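Below are the chains, spelled out letter by letter.
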Amino acid sequence: MSTAEPPKRGGWRGFFSRLASPQSEIEAQELREDADEVGATPIVSCGGRRRFCVAGTLRTVTLRPRGGAPALEAELYDGSDVIDLVWLGRRKIAGIEPGRTVKAEGLVSEQDGRKVMFNPRYELRPGS
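Scoring rules and cut-offs
- Once a new chain begins, its residue numbering starts again from 1 and follows that chain's sequence as written.
- In keeping with the model being predicted, local features are shown solely for residues with a pLDDT of at least 70 and side-chain atom pairs are shown and tallied solely at 80 or more, while totals for entire chains, interfaces and linings include all residues.
- Only hydrogens and water are removed before side-chain values are computed, so all heavy atoms of the structure are retained for them.
- Each helix is a run of DSSP H or I of at least 4 residues and each strand a run of E of at least 2, with the numbering of both proceeding from the N terminus.
- For each residue, the accessible area found with a 1.4 Å probe, counting protein chains only, is set against the maximum for its type, and the residue is called buried under 20%, exposed over 50%, and partly exposed in between.
- Contacts are assigned to residue pairs with any non-hydrogen atoms lying within 4.5 Å of each other.
- Definition of nonpolar core: a set of buried residues of the types Ala, Val, Leu, Ile, Met, Phe, Trp, Tyr and Cys, connected through side-chain atoms within 4.5 Å.
- A helix is expected to span 1.5 Å for every residue after the first.
- Note: two strands are recorded as paired if DSSP finds a minimum of 2 bridges between them.

A. Layout of the overall build of the protein. When you go through the protein residue by residue, the secondary structure sums to two helices and six strands. In the protein, buried positions account for 34% of the 128 residues. A sequence separation of at least 24 residues applies to 51% of the contacts in the protein between residues at least 6 apart.

Spelled out as structure tokens, the structure:
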């Protein structure tokens, strides 16, 4: 009596599945897999004023003053959701630019209905 093996992601089935999926879905899946490999929590699961480690790709980076002081804001996307990374008192950080892959750790809070991490510890990751 043999047991059936679970389907593998590769092979023809995976190829045709990827071929039929929109590019954005494929990219989101790859981002979720990359985040999982580095031990990050999916952003969609973060909340409740707790510390989390997240990883993904920076979509936007903007300089936006907060309370009269400069603040560098970056939107991080991991394939499941987005979170705003905010460095208070910073105008620029070398390597923090759109398209860069980043791993960040800090306290997640919510502001104006969006997840935010202030002054996170971060690690620049190699691009994909």
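B. Geometry of the nonpolar core. By size, the foremost hydrophobic cluster in this structure holds 17 residues, and its most contacted members are Val 54, Leu 76, Ile 83, Leu 85 and Ile 96. Counting only elements with at least two residues in this core, the list comes to β1 (50-63), β2 (71-77), β3 (82-88) and β4 (101-111).

C. Structural view of helix α2 (residues 23-37). Over its 15 residues, α2 runs 21 Å from end to end, which matches the ideal 21 Å to within 8%, given 1.5 Å per residue. Immediately downstream of α2, the backbone of Gly 39 shows phi near 80°, a positive value.

D. Structural detail: the pairing of β4. Of the pairings in the sheet, the one linking β1 to β4 comprises eight bridges and is antiparallel in character. Counted as the bridge partner of Thr 57 is Thr 101 from β4. Both β4 and strand β6 (residues 121-125) contribute to a ladder of five bridges, which runs antiparallel. Paired with Glu 105 across the bridge in β6 is Arg 121. Sheet topology note: the β4/strand β5 (residues 114-118) ladder contains four bridges and is antiparallel. Following the sheet pairing, Val 108 is matched in β5 by Met 117. Adjacent in sequence and paired antiparallel, β4 and β5 are bridged by two residues, among which Asp 112 carries a positive phi angle near 55°.

E. Local environment of the environment of Gln 29. Structurally, the position occupied by Gln 29 is in helix α2. According to the relative accessible area criterion, Gln 29 is partly exposed, its value standing at 35%.

F. Spotlight on the side chain of Asp 84. Turning to its location among the elements, Asp 84 is positioned in strand β3. Residues in contact with Asp 84, not counting those within four places in the same chain, are Ala 74, Glu 75, Arg 114, Lys 115, Val 116 and Met 117.

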